[in-house]
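Spelled out from the first residue to the last, the chains are:
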Amino acid sequence: MFVGAGQGNVLLGILIGAALMAALAWVYITVLDNERLARWITILGLAAIGFFFAGMTGLIVGLLAGWFFAFFIFWLYEGRYRQKLLPYLTGRQVFEHYLFRVICGAIFVFLITPILVVLPLSFNAQDFFTFTPEMLRLDPEGYSLKHYRDFFTNNEWQRSFKNSLIIAPIATIISVSLGTLAAIGLSQSHVPGRRAIMGILISPMIVPLIISATGMFFFYSDIGRFLEGTLGMDKNFVGYVKVILAHAVLGIPFVIITVTATLVGFDQSLTRAAANMGAGPVRTFFKIQMPLILPGVISGGLFAFITSFDEVVVVLFVGSASQKTLPWQMFTGLREQISPTILAVATILVVISIALLTTVELLRRRSERLRGLSPA
Amino acid sequence: MTDATQSGPMLAADGTPLKKSLARSLRRRKLRALALVAPLLLFVMLSFVIPIVSMLLRSVENSIVAETLPLTVVELKNWDAEGGELPDEALYAAFTKDMVAAVEAKTHTRLGTRLNYEQTGMSSMFRKSGRKIKRLDPESDAPFKEKLIEIHDGWGDVETWRTIKTHAVPITNGYFLNAVDMRRTPEGAQAQPEDKQILIKLFGRTLFMSLIITGSCILLAYPVSYLLATLPMRVSNLLMILVLLPFWTSLLVRTSAWKVMLQQQGVINETLVWLGLVADDARLVIINNQFGTIIAMTHILLPFMILPMYSVMQTIPPSYTRAAKSMGATNWTTFWRIYFPQSIPGIGAGSILVFILAIGYYITPEIVGGTKGVFISNRIAYHISSSLNWGLAAALGTILLAVVLLLYWCYDKIVGIDNVKLG
């Protein structure tokens with residue numbers, strides 16, 4: 001079929017494959033007339049052919065292809081493709097419907113493939129950025145954890161990882177605490193100049209990173225000289241302070257946006273009720289308001305965290321070599337193309353982002369549920 | 001309401017007029033809200049707005065010439081740059097005096113670097129002559145004109161003095177002129193020589209490629225958001241993960257993935273060769289050029305287009321399209337006349353967002369763009385870290401910022417800043 005034809009002429013291969021399938025379909029429908037049996041024949045037959053030609057990988061490809069074609073033949077023949085659609089559609093409309101689905105599927109594949117490609121490549125036993133023949137044969141020898149080992153033992157990577165773990169949480173704490181207070185202030189009515197303030201607070205997200213980085217580069221090098229020269233602080237410490245402050249600013253818009261969005265659904269009469277019953281403003285905040293807007297605060301914090309954790313441009317300009325973060329290390333690695341350890345790091349980061357995504361999604365659900373309890 | 005019978009103003013519990021007491025409490029609430037906002041506002045002002053403003057100032061600031069050569073600048077005012085004659089002895093004397101002081105303070109090389117941006121060769125001229133001028137005594141060694149010309153022919157060149165005179169002003173438009181491929185001359189702004197005109201082209205390319213990226217994002221995002229908006233909630237939530245996962249994945253991970261896929265020995269080329277679609281010796285060149293940048297950035301920015309489109313399309317009631325169909329409209333008419341106009345706000349919001357993000361991108365073009373696929377931001381980074389022409393970097397940044405703010409203003413008009421949503 002397609003695969004077998006790969007060695008020679010593609011067009012011819014597809015034609016032969018189609019003809020074969022048509023013949024097979026004719027046999028099934030007219031002679032066999034037993035769907036389950038036909039399906040098993042196709043799956044096993046194709047798997048056997050695949051195994052014969054390409055070993056383990058061929059077996060899996062063959063299994064999948066067999067399952068698909070068996071399904072496809074009966075799907076076409078019995079007109080199952082019409083079952084879920086409106087009965088009065090013309091043939092062309094049905095075709096268009098499925099064409100549209102296929103196009104969308106292709107776009108989803110485009111979206112997800114780059115991430116999926118990285119995962120298996122990070123287990124590559126060779127120092128290549130591509131699939132080796134051993135890997136395609138699913139040979140265990142083609143896979144190894146050596147890039148992960150490299151990541152966990154290499155000083156360079158470990159130091160940058162540690163730096164990231166120092167900088168991102170502190171920056172997140174700063175932006176979350178200040179941002180939440182400001183969002184609560186902004187959500188109250190009668191704030192003079194609300195739009196202007198909002199515009200300023202969100203500007204770090206709008207201004208392109210390279211411009212923020214340029215501005216911060218000039219400004220923080222002056223500040224750094226002042227702190228080191230006049231106040232005599234440690235150079236390393238000043239470097240961290242600069243990067244953390246810069247990252248905190250970048251995270252603020254995300255906190256503001258998510259927290260104000262949560263506060264929209266917050267019932268202000270609850271705080272009034274608490275005050276009525278004698279709670280002070282601080283107690284009201286921690287006992288009443290905070291638990292209710294917590295999901296928004298946490299997801300804002302996660303956004304701020306990932307912004308800082310993922311940030312290269314600003315740290316590249318503001319920081320010095322001792323503040324090298326993980327993304328910076330990856331960036332230099334990619335530019336100079338040192339090692340596939342980058343792919344191992346990428347996989348770890350993908351896993352982290354999946355965890356974060358799940359957390360945010362769960363928080364969003366919880367927040368919606370809470371909002372349902374307290375009608376706005 | 002017993003108050004209605006009272007003749008005076010209504011009173012609050014403590015006896016003050018109600019109006020006054022209300023105003024006071026309102027003022028107090030306003031102050032409290034402002035006090036909550038103040039720390040953050042101060043923080044953002046200090047660590048973000050001031051740096052940006054200082055960058056803007058740096059793009060016009062040019063006090064280095066007047067500070068390093070104060071006497072020379074005064075003398076240069078009397079010199080006629082148009083005449084084509086060398087300045088007189090008084091200027092050379094003033095220059096020697098300035099230079100001796102500058103060499104003492106070691107600032108002459110910095111001035112040389114600054115003037116080198118305008119006329120190549122200035123840097124080495126200042127460095128070389130610095131050592132020799134240091135030996136001259138500004139009091140006794142007069143006259144200086146011949147001696148200086150002997151030290152370096154450059155001092156006998158009218159062009160040198162014209163350059164110094166042109167750039168002696170403390171506030172200059174020179175960097176901005178440089179940023180648009182012009183230069184400051186005694187006769188006013190003039191175009192750079194042909195071979196130096198790269199920045200306008202780069203600006204054009206940045207805009208053009210951002211437009212292409214925005215366009216391809218619209219093309220790809222529209223069907224997907226339509227599908228997500230029309231499918232039942234349970235299925236579309238599942239498919240949404242496929243959109244959100246790339247959105248949450250680190251930018252560098254996605255960029256490195258594209259680098260892996262697009263390389264000459266990369267996944268795409270290997271697959272095509274294996275399938276026999278491409279000959280082994282004619283592998284596609286899809287990295288380090290504009291195509292690489294466009295495809296990688298389209299992928300990276302696609303979620304930013306899908307999310308706003310999806311949230312707009314979700315609000316379009318399906319009954320409208322059904323009504324149109326029941327009145328005899330064809331599929332195409334229904335879509336074009338009923339559905340599409342209602343989805344335009346989503347397209348607008350997504351496009352501006354993607355365009356703003358694309359125009360200032362740095363990392364991805366740097367890694368997959370090679371030399372042909374880079375953006376103006378890569379040029380800014382180059383001037384900051386390699387050529388050290390910070391004034392020009394600041395001017396380029398200011399122009400880019402102006403473009404982005406203009407777009408941001410449009411975005412605010414169309415969507416509103418308050419309506420920005422995430423995830």
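In this text, all values refer to a predicted model and were calculated from it rather than measured experimentally.

## Remarks on the overall build of chain A
Here's step 1: In terms of regular secondary structure, chain A is built from 15 helices and 0 strands.
Here's step 2: Taken over 376 residues, chain A has a buried fraction of 38%.
Here's step 3: Expressed as a percentage of contacts within chain A between residues at least 6 apart in sequence, the contacts between residues at least 24 apart total 68%.

## Digging into the overall build of chain B
Here's step 1: Of regular secondary structure, chain B possesses 19 helices and 2 strands.
Here's step 2: In summary, chain B has a C-alpha radius of gyration of 32 Å against a globular reference of 22 Å for 423 residues, an excess of more than 25%.
Here's step 3: Counting only residues that meet the buried cut, chain B has 40% of its 423 residues in that class.
Here's step 4: By sequence separation, contacts in chain B at least 24 residues apart represent 66% of the contacts at least 6 residues apart.

## A look at the interface of chain A and chain B
Here's step 1: Listed per partner, the contact involves 77 residues of chain A and 78 residues of chain B.
Here's step 2: For the side of chain A that touches chain B, a count of residues per class yields 60 nonpolar, 15 polar and 2 charged.

## Some words on the domain arrangement of chain B
Residues and elements named next belong to chain B.
Here's step 1: With domains assigned, chain B is organised as domain 1 (14–58), domain 2 (64–196) and domain 3 (199–419).
Here's step 2: Put simply, the middle of domain 2 and the middle of domain 3, counted by C-alpha atoms, are 48 Å apart.
Here's step 3: In this complex, domain 2 contributes 7 residues to the contact, which on the side of domain 3 involves 9 residues.
Here's step 4: A class-by-class count of the residues in the side of domain 2 that touches domain 3 yields 5 nonpolar, 1 polar and 1 charged.

## Quick look at the nonpolar core
Here's step 1: Counting residues in hydrophobic clusters, the biggest one holds 163 residues, and the most contacted among them are V118, V313 and V314 of chain A together with L301 and V354 of chain B.
Here's step 2: When residues of this core are assigned to their parent elements, the largest contribution, 15 residues, is made by helix 14 (residues 290–313) of chain B.
Here's step 3: Apart from the residues lying within four places of it in its own chain, the contact partners of V313 of chain A are L209, I210 and A213 of chain A together with Y362 and I363 of chain B.
Here's step 4: One finds L69, A93, L148 and A168 of chain B within the second-largest nonpolar core, a separate group that totals 23 residues.

## Some remarks on the environment of M55 of chain B
Here's step 1: Position of M55 of chain B relative to the elements: it lies in helix 1 (residues 18–58).
Here's step 2: Distance from M55 of chain B to G397 of chain B, taken between C-alpha atoms, is 8.2 Å for residues 342 residues apart in sequence.
Here's step 3: Those residues within four positions of M55 of chain B in sequence are excluded, and the remaining contacts are T214, G215 and F218 of chain A together with A394 and G397 of chain B.

## Observations concerning unusual backbone geometry
Residue and element names in this part refer to chain B.
Here's step 1: You will see that D181, though not glycine, has its phi angle at about 65°, which is positive.
Here's step 2: With respect to the element layout, D181 can be found in the loop between helix 9 (174–179) and strand 1 (182–185).
Here's step 3: Its identity is not glycine, yet L388 carries a phi of approximately 60°, on the positive side.
Here's step 4: Note on placement: L388 falls in the loop between helix 18 (376–385) and helix 19 (390–414).
Here's step 5: L388 sits in the partly exposed class, given 13 other C-beta atoms within 10 Å.

## Section: the confidence of the model for chain B
All names here are of chain B.
Here's step 1: When pLDDT is averaged along chain B, the result is 83, and 95% of the positions lie at 70 or above.
Here's step 2: Here strand 2 (residues 188–191) stands out as the element of chain B with the lowest mean pLDDT, 74, in contrast to helix 10 (residues 199–230), whose mean of 92 is the highest.
Here's step 3: Both confidence scores are given for the complex: pTM 0.81, ipTM 0.79.

## Considering the domain arrangement of chain A
Residue and element names in this part refer to chain A.
Here's step 1: What the domain assignment reports for chain A is domain 1 (2–113), domain 2 (122–153) and domain 3 (156–373).
Here's step 2: Inter-centroid distance (C-alpha atoms) of domain 2 to domain 3 is 36 Å.
Here's step 3: The interface of domain 2 with domain 3 comprises 8 residues on the first partner and 9 residues on the second.
Here's step 4: Among the residues forming the side of domain 2 that touches domain 3, the class breakdown is 3 nonpolar, 3 polar and 2 charged.

## Some details on the pairing of strand 2 of chain B
Here's step 1: Both strand 1 of chain B and strand 2 of chain B contribute to a ladder of 4 bridges, which runs antiparallel. When the bridges of strand 2 of chain B are listed, M182 of chain B appears paired with A191 of chain B.

Rules behind the numbers
Residues numbered from 1 in each chain as written. Chains lettered and ligands numbered in written order. Predicted model: local features only at pLDDT ≥ 70, side-chain atom pairs only at ≥ 80, totals over all residues. Helix = DSSP H or I, 4+ residues; strand = E, 2+ residues; numbered from the N terminus. Buried ≥ 20, exposed ≤ 12 C-beta atoms within 10 Å, placed from the backbone. Contact = placed C-beta atoms within 7 Å. Rg over C-alpha atoms; globule rule 2.2 N^0.38 Å. Nonpolar A, V, L, I, M, F, W, Y, C, P; charged D, E, K, R; others polar. Domains from an automatic or database assignment. Core = buried A, V, L, I, M, F, W, Y, C linked by C-beta atoms within 7 Å. pLDDT = per-residue confidence, 0-100. Pairing = 2+ DSSP bridges.

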